[in-house]
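Structural overview for review
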Amino acid sequence: MNTFKEHIDPNEIGPSDKAQKALFIWLVIILAIRISTYFMVSESVVITRIYKFGGRILITILTFYLPYLVKELRIHPDFTKVRQLLPPLFYGVYLWLGAASLAWTSSFEVSFLQLFMDIETMVFAFAFMKMCLYLPHEDEGSAITFARVLWIGAFINVLGILIGSIVNPDTFMRSTHGGNVSRLGGFFINPNELGMLIVVGLAGLGMDISHQKPTYAKAFIGIILLYSLFLTSSRSSMISFVLLSGYYLLKYGKKEIIIAAIMLGIFIGPFVFNEVFLKEGDVEEVSNMTGRLPFWEDLIVYNVPRKPLLGYGFMRIDELDKFAAVHSYAGAMPHNTFLQVLLNLGLLGISIILIQMALTIRGIFKLRLSNSVLPILFFAMLIPLIINSLTEFGIWGETNYGIMFYLFIIWGVGLQRKRIYGQ
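Just so it is clear, the model here is predicted, and its values are computed rather than measured. (Residues numbered from 1 in each chain as written. Predicted model: local features only at pLDDT ≥ 70, side-chain atom pairs only at ≥ 80, totals over all residues. Heavy atoms only, no water.)

1. Description of the packing of helix H9 (residues 235–252) against helix H14 (residues 374–391)
Where H9 meets H14, the axes come as close as 9 Å, and the angle between the chain directions of the two elements is 160 degrees. Between H9 and H14, the angle falls in the class roughly antiparallel. Here H9 and H14 pass one another in a crossing that is right-handed. Residue-level contacts link Ser236, Ser240, Leu243, Leu244, Tyr247, Tyr248, Lys251 and Tyr252 of H9 to Pro375, Ile376, Leu377, Phe379, Ala380, Ile383, Pro384, Ile387 and Thr391 of H14. A class-by-class count of the residues in the contact of H9 with H14 yields 13 nonpolar, three polar and one charged. (Axes fitted to C-alpha atoms, helices over the stretch in contact; angles between N-to-C directions. Helix = DSSP H or I, 4+ residues; strand = E, 2+ residues; numbered from the N terminus. Parallel < 35°, antiparallel > 145°, perpendicular 65-115°, else oblique. Left-handed = near helix turned anticlockwise from the far one by under 90°. Contact = heavy atoms within 4.5 Å. Nonpolar A, V, L, I, M, F, W, Y, C, P; charged D, E, K, R; others polar.)

Now the structure itself:
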């Protein structure tokens, strides 16, 4: 891109540094609060639902209202490449099929509620990423600032939960294996979902550190996030972190840093494997993925063939509220987002989401033509999101902040900022 000063259009010059700082603070606050709306904030179902639904809607409205709170926001998204709109378009097709499934769903109330929340999340993600277009004009600077918003918003919530585990362990720590294992998250948030949030935060922090001068504060925050990740005792999240570390080391690591990282992994690896993966030496639990494998097998053998084309309805896996597996536990969700779609919307639904994901990845690769940093960050974010999707709610499952992060990527690909400089 040519950056000759004489090509600058005064009407397209972005907001001042003061306005950008104000916008940055607002975006961090909005993201931090938005993430918190996915937590179980109270033992009362009514209070929790009011906070979740009311909080999300109010945050979405606030995000759209930001141009009135922060003056000088004059750059607007410009859909200059129609092909880049295919990822959000196909996500819309997925939601349309979900809406159509209300005609045959096994529970209209559950399907409608989940569909409404997913649509609202898509609207919020659009508004949030649109505001991110107002961040520093330079493509690299904008991407790094977005990464900073990402990790600070995640860190605020993780720190709050970590403090909560000290003040009120009964709520913020979950006991398993006969009380011998305690997992950070408790009943406030699923430990595996919390682990995914931590790794997404580390993806943003890693990008920030890689392109800005490292500081002791950021290093300390990284240690807190890693310690919190260890306390979640989440196998999938730990795998995500290892893959994320390898990804960033290959992209930015010097030879000495890579060697040091390998040596550190060899030194602490056995301890982490024993504490996080084996958990009291229960090898059978690891081999059957905590009962998931026999549960998946029963779902595929018994439930998929019953309604193979269109499924049981949006976010439904059975005619009843829970599927009683023959060889495993009874559950309302399969702990695999792709199997979830196959059961929800059948072969038609799984075809749509696979096409959508392929278009998203294609769109990220195309971003490299105009931005060298944002594609790297998006792929870093995809690592924990995809790993989490294999064993938990995932990006196509029941409403969770993993869907929100994935929609950030989709709109990050789809929205194009007007060029500030001439060609």
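2. Overview of unusual backbone geometry
For Ser233, which is not glycine, the phi torsion reads 55 degrees and is therefore positive. Counting through the fold element by element, Ser233 comes out in the loop between helix H8 (216–232) and H9. Exposure remark for Ser233: the relative accessible area of 5% places this residue in the buried category. The phi dihedral of Met289 falls on the positive side, at around 55 degrees, and the residue is not glycine. One can find Met289 in the loop between helix H11 (283–287) and helix H12 (292–303). What makes Met289 partly exposed here is its relative accessible area of 31%. (Buried < 20%, exposed > 50% of the residue type's maximum accessible area, 1.4 Å probe, protein only.)

3. Things to note about the packing of aromatic side chains
In this description, a pair of aromatic rings is defined by centroid distance and the angle of the planes. For the structure shown, the criterion picks out 26 aromatic pairs. Judged by centre distance (6.4 Å) and plane angle (90 degrees), the rings of Phe39 and Tyr401 are edge-to-face. Highlighted residues: Phe39 in the loop between helix H1 (17–36) and helix H2 (45–69) and Tyr401 in helix H15 (residues 401–414), separated in sequence by 362 residues. Judged by relative accessible area, which is 2%, Phe39 ranks as buried. Considering the side-chain rings of Phe172 and Phe188, the 4.7 Å spacing of their centres and the 45 degrees angle between planes classify their relative orientation as tilted. Taken together, the positions of Phe172 in helix H6 (residues 169–172) and Phe188 in the loop between strand E2 (181–184) and helix H7 (191–211) put the pair 16 residues apart, joining distant regions of the chain. Judged on exposure class, the residue Phe172 and its partner Phe188 are both buried. Within the aromatic cluster, the residues linked to one another by ring pairs are Tyr38, Phe39, Phe124, Phe128, Phe146, Phe172, Phe188, Tyr401, Phe405 and Phe408. The positively charged end of Arg34 is found above the aromatic ring belonging to Phe124, 4.3 Å away from the centroid. Across from the ring centre of Phe187, 5.5 Å away, lies the NZ or CZ of Arg174, which sits over that ring. (Phe/Tyr/Trp six-rings, centres within 6.5 Å; stacked < 30°, edge-to-face > 60°. Lys NZ or Arg CZ within 6 Å of the ring centre and 35° of its normal.)

4. Overview of the packing of H7 against H14
Here H7 crosses H14 at 165 degrees, and the two axes come no closer than 9 Å. In terms of orientation, H7 and H14 fall into the roughly antiparallel class. For H7 against H14, the interelement crossing comes out right-handed. Contacts from Asn192, Glu193, Met196, Val199, Val200, Ala203, Gly204 and Met207 of H7 reach H14 at Ile376, Leu377, Ala380, Met381, Pro384, Leu385 and Asn388. Residue composition of the contact of H7 with H14, by class: eleven nonpolar, three polar and one charged.

5. Things to note about helix H3 (residues 86–100)
Side chains of residues three or four places apart in an α-helix project in the same direction, reflecting 3.6 residues per turn. Look at H3: 21 Å from first C-alpha to last across 15 residues, which is about the 21 Å you get at 1.5 Å a residue. The inward-facing, buried residues of H3 contact helix H4 (108–132), helix H13 (337–367) and H15. (Expected span 1.5 Å × (residues − 1).)

6. Remarks on the environment of Trp151
If you trace the backbone, Trp151 turns up in helix H5 (residues 139–167). If sequence neighbours within four positions are ignored, Trp151 has contacts with Gly201, Gly204, Leu205, Asp208, Lys218 and Ile221. A polar contact is formed between the side chain of Trp151 and the side chain of Asp208, at a distance of 2.9 Å. (Polar contact = N/O pair within 3.5 Å; in protein donor to acceptor, adjacent residues only side chain to side chain.)

7. Some words on the environment of Thr171
Counting through the fold element by element, Thr171 comes out in helix H6. Judged by relative accessible area, which is 26%, Thr171 ranks as partly exposed. Sequence separation between Thr171 and Ile189 is 18 residues; the distance between their C-alpha atoms is 9.4 Å. Engagement of the side chain of Thr171 in a polar contact is seen with the side chain of Asn168, the distance being 2.8 Å.

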